[in-house]
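Examining the three-dimensional arrangement
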Amino acid sequence: MPSFPTRPAAPPRLRAAGRPCLATVAALAASALLAGCAGVDVPALPADAPAAWRHADASVPGAPVPDPAGWWKTFRDPALDALVERALAQNLTLAQAATRMRQARRQAAHDGAQYLPMVGASTRATQDPSATDAYYQASVDATWELGLFGAREGLARTLQARALSADAAAQAARLTVAAETVRQYLLLRTARRQQALLARSAALDARAAELAEVRARQRLAPQDDARQARAREALTLALQAAPRQEADQAAQALAVLLGQSAPDDAWTASDAPPPALGDFALPQLPADLVRSRPDIRQAEAEVLKSAGELGLARAELYPRLTLGASYIYSYNLTQNRGRRFTDNLPVVGPFVDIPLFDWGRRRAQADARQDALDAALLGYRQALLEGIAESENALSGLQAQREREARLQSALSLQQDRLRAQRTLERLGLSATLDGIAVQRAGLQAESELLGARAARAMAFVALYKALGAAPLPAGDAPSAAVAAAASPAREAAP
């Protein structure tokens, strides 16, 4: 009868791993000392913002200061306030952005577990090299990759950058939805008012054409005057098509912003003048863009991400250290006839992965990540300059439209004085009705031009607060701790 050993010998590899030599311990200690010197600091962000706005005269010192989170309330229009609230609650693009932000936060909360201790269990069937014995093994394994030489910090920064980018994207969506809702509402109200003014002008042209035809029949005026009057009426009627189309397009755009398939009938029911923009003060400085504009925050996230990826690439140049522990239970399937042959073995030790023959590839990868970080810093600076330029253009437009509005208001006042004088002359019988129609039409034209100037100034106001990145606050969703942590190192250098 052949004899079998009562206990199978443990593999030599497992026995050696359980007794780390003094050299390995020394290597671990040296690596731990070097680990603190291999990290990558987040570079200071460029601070090129001027101390003040060049077109600060667009605002009025001492006037009410708009709330950046509710700047559209400066128009003091309850209907507009209700529309913006509905858009923020129902807009589908905003809902998608909020979902992506939650997704990024959840991933950032769990993807960092790479450098935490991990425990797993497994079972397997194995054979010895001579193929004489088969074993059924069960094991409990624990590993802990230490993430030295800046690897842990690099991963943390990339995860923080992902959360910051998602938060900035959600902020950009809120900003766009609010600004577009206000803009389309103002376009709709302005177009409806223009329609009403053109309808009144068309009625005056029709009355003037009737009087011109009467005078022509009575041979008090040439027939050409009547034809000119009818041509003017036809032209005025033709001009109504443009504001009608603008009103329809604005109403449909509002429906999309509110996540509904058709506009509300109430939107096009009124032809009252749109809300007027009063004076306001602008306390924000150019440096505030760093904390508000979504594209600048996106650029900041890109810098943070590039710094993290550079840290990971540099960590790849050093040995990777992992602590491991296993408990293996082995059952001999071949020698178990009538007897029990089992073995178990605990294994504890460090594992070292040292880059040797692919050093050039890893060095090139680290250099490429450095180039990416340099490009991200240039992108941040570009985003800041573009934000300042966009805001300055909006302020310039506000100033120009305010001056234009003031002059057109003066012109309208003069036309109203003319109309009152004309009516006095008509009551005294010193002026013809046809002359009064011409004065009334001139007054409507002046009112239409003033309406356009007010609309342009209101649009410039919307453009300004969009350029400033003044977004409404998220509903019940505060930024995560990862986002706040991501913003802090980069913003230490912000003005």
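Residues numbered from 1 in each chain as written. Predicted model: local features only at pLDDT ≥ 70, side-chain atom pairs only at ≥ 80, totals over all residues. Heavy atoms only, no water.

1. Some details on the overall build of the protein
In plain terms, the rule: Elements are defined by DSSP. Helices are runs of H or I of four residues or more, strands are runs of E of two residues or more, and each kind is numbered from the N terminus. Note on classification: 1.4 Å probe, protein chains only; a residue is buried when its accessible area is under 20% of the maximum for its type, exposed when over 50%, partly exposed between these limits. For this analysis, residues touch if any pair of their heavy atoms sits within 4.5 Å. Each accessible area is a Shrake-Rupley estimate made with a 1.4 Å probe; only the visible protein chains count as cover when residues are assessed.
Looking only at helices and strands, the protein has 12 helices and 4 strands in total. Among the 495 residues that make up the protein, the fraction classed as buried is 41%. Contacts spanning at least 24 positions in sequence make up 84% of the contacts within the protein whose residues lie at least 6 apart. Summing over all exposed atoms, the protein offers an accessible surface of approximately 26,000 Å²; the carbon and sulfur share of this is 57%.

2. Examining the packing of helix α5 (residues 151-217) against helix α7 (residues 241-257)
The condition that has to hold: Think of each axis as a best-fit line through the C-alpha atoms, taken over the contacting stretch in the case of a helix, with angles from 0 to 180 degrees between the N-to-C directions. Each angle is binned into one of four classes, with values under 35 degrees roughly parallel, values over 145 roughly antiparallel, values of 65 to 115 roughly perpendicular, and all other values oblique. A crossing counts as left-handed when the near helix is turned anticlockwise from the far one by less than a right angle, and as right-handed when that turn is clockwise.
As a packed pair, α5 and α7 sit with axes 8 Å apart at the nearest point and diverge in direction by 155°. With respect to α7, the axis of α5 lies roughly antiparallel. Crossing of α5 against α7: the hand is left-handed. The segment α5 lies against α7, with Glu 180, Thr 181, Gln 184, Tyr 185, Leu 187, Leu 188, Ala 191, Arg 192, Gln 194, Gln 195 and Leu 198 engaging Pro 243, Arg 244, Glu 246, Ala 247, Ala 250, Ala 251, Ala 253, Leu 254 and Leu 257.

3. Examining the packing of aromatic side chains
Rules: Aromatic rings from Phe, Tyr and Trp, taking only the six-membered ring of Trp, are treated as a pair when their centres fall within 6.5 Å; an angle between ring planes under 30 degrees marks them as stacked, one over 60 as edge-to-face, and anything in between as tilted.
In the structure shown here, the tally under the stated rule is 7 aromatic pairs. Note on Trp 71 and Phe 461: the rings are 6.1 Å apart at their centroids and 65° apart in plane angle, and the pair reads as edge-to-face. Of the two residues, Trp 71 is situated in the loop between α2 (22-35) and α3 (78-90) and Phe 461 in helix α11 (residues 433-467); the sequence distance between them amounts to 390 residues. Residue Trp 71 is classed as buried on the basis of its relative accessible area of 0%. Under the relative-accessibility criterion, Phe 461 is labelled buried at 0%. Grouping aromatic residues by their ring pairs yields a cluster made of Trp 71, Trp 72, Phe 75, Phe 280, Phe 461 and Tyr 465.

4. A few points about unusual backbone geometry
Phi is positive for Arg 76, close to 55°, though the residue is something other than glycine. Relative to the helices and strands, Arg 76 resides in the loop between α2 and α3. On the accessibility criterion, Arg 76 (62% relative accessible area) is exposed. You will see that Phe 149, though not glycine, has its phi angle at about 60°, which is positive.

5. Quick notes on the nonpolar core
For the record, the criterion: As used in this record, nonpolar core signifies buried Ala, Val, Leu, Ile, Met, Phe, Trp, Tyr and Cys residues forming a set joined through side-chain atoms within 4.5 Å.
One finds Trp 71, Val 182 and Leu 464 to be the most contacted residues of the largest nonpolar core, which totals 68 residues. Contributions of two or more residues to this core are made by α3, α4 (92-111), α5, α7, α8 (289-292), α9 (294-315), α10 (359-427) and α11. If one sorts the elements of this core by residue count, α5 sits on top with 12 residues. Those residues in contact with Leu 464 that sit more than four places away from it in its chain are Phe 280, Leu 282, Ser 391, Ala 394, Leu 395 and Leu 398.

6. Let's talk about the side chain of Thr 190
Mapped onto the fold, Thr 190 is located in helix α5. A residue is classified by how much of its surface remains accessible, and Thr 190, at 11% relative accessible area, is buried. With near-sequence residues (within four places) excluded, Thr 190 lies in contact with Pro 274, Leu 451 and Ala 455.

7. Some thoughts on α11
Rules: In this analysis, the expected span of each helix is defined as 1.5 Å times one less than the number of residues it contains.
Look at α11: 51 Å from first C-alpha to last across 35 residues, which is about the 51 Å you get at 1.5 Å a residue. Two residues or fewer past α11, Gly 469 is found with a positive phi of approximately 75°.

8. Re α5
Between the first and last C-alpha of α5 there are 96 Å, a value that for 67 residues agrees with the 99 Å anticipated at 1.5 Å per step. Counting buried positions along α5 gives 48 out of 67 residues, so the element sits mostly inside the fold. Phi turns positive one or two residues past the end of α5, at Arg 219, with a value near 60°.

9. Comments concerning the environment of Val 348
As for its position among the elements, Val 348 is in strand β4 (residues 342-353). Accessibility expressed as a relative area gives 51% for Val 348, which makes it exposed. Taking the C-alpha atoms as reference points, Val 348 and Thr 143, separated by 205 residues in sequence, lie 9.8 Å from one another.

10. Some words on the side chain of His 55
So the rule is basically this: Polar contact is defined as a pair of N or O atoms within 3.5 Å, subject to the rule that within protein one atom must be able to donate a hydrogen and the other to accept it, and that residues adjacent in sequence are counted only when both atoms are side-chain atoms.
By the secondary structure assignment, His 55 is in the loop between α2 and α3. At 2.9 Å, the side chain of His 55 and the side chain of Glu 392 are in polar contact. Ignoring anything within four residues of it in the chain, the contact list for His 55 reads Glu 392, Leu 395, Ser 396 and Gln 399.

11. A word on the packing of helix α6 (residues 223-239) against α7
Helix-helix packing: each pair is described by the crossing angle between the helix axes and the interaxial distance. For clarity, the threshold we go by: Throughout, the ten residues Ala, Val, Leu, Ile, Met, Phe, Trp, Tyr, Cys and Pro are labelled nonpolar, Asp, Glu, Lys and Arg are labelled charged, and all others, Gly among them, are labelled polar.
Where α6 meets α7, the closest approach of the two axes is 4 Å, and the angle between their N-to-C directions is 10°. With respect to α7, the element α6 is oriented roughly parallel. Between α6 and α7, the residues in contact are Leu 237, Ala 238 and Leu 239 and Ala 241, Ala 242 and Pro 243, respectively. Broken down by class, the residue content of the contact of α6 with α7 amounts to 6 nonpolar, no polar and no charged.

12. Side note on the environment of Arg 232
Looking at where Arg 232 falls in the secondary structure, it is placed in helix α6. By relative accessible area, which is 37% here, Arg 232 ends up partly exposed.

13. Overview of a nonpolar patch on the surface
Note the cut-off: Patch definition: residues above 30% relative accessible area lacking any salt bridge, with like charges linked at up to 9 Å and the nonpolar side chains Val, Leu, Ile, Met, Phe, Trp and Tyr linked at up to 5 Å. Note on definitions: salt bridges are taken to be side-chain nitrogens of Lys or Arg within 4 Å of carboxyl oxygens of Asp or Glu.
Where nonpolar side chains cluster on the molecular surface, the patch consists of Val 119, Val 140, Tyr 327 and Tyr 329 and spans about 380 Å² of accessible area. Here Val 119 is to be found in strand β1 (residues 118-127). Judged by relative accessible area, Val 119 falls into the exposed class, the value being 67%.

14. Side note on the pairing of β1
Across a regular strand the side chains alternate sides, sitting on one face of the sheet and then on the other. Defined as follows: By definition, two strands form a pair when at least two bridges between them are found by DSSP.
In terms of burial, β1 is a largely surface element, 0 of the 10 residues being buried. Of the pairings in the sheet, the one linking β1 to strand β2 (residues 134-145) comprises 10 bridges and is antiparallel in character. In the sheet register, Arg 124 faces β2, and the bridge partner there is Gln 137.

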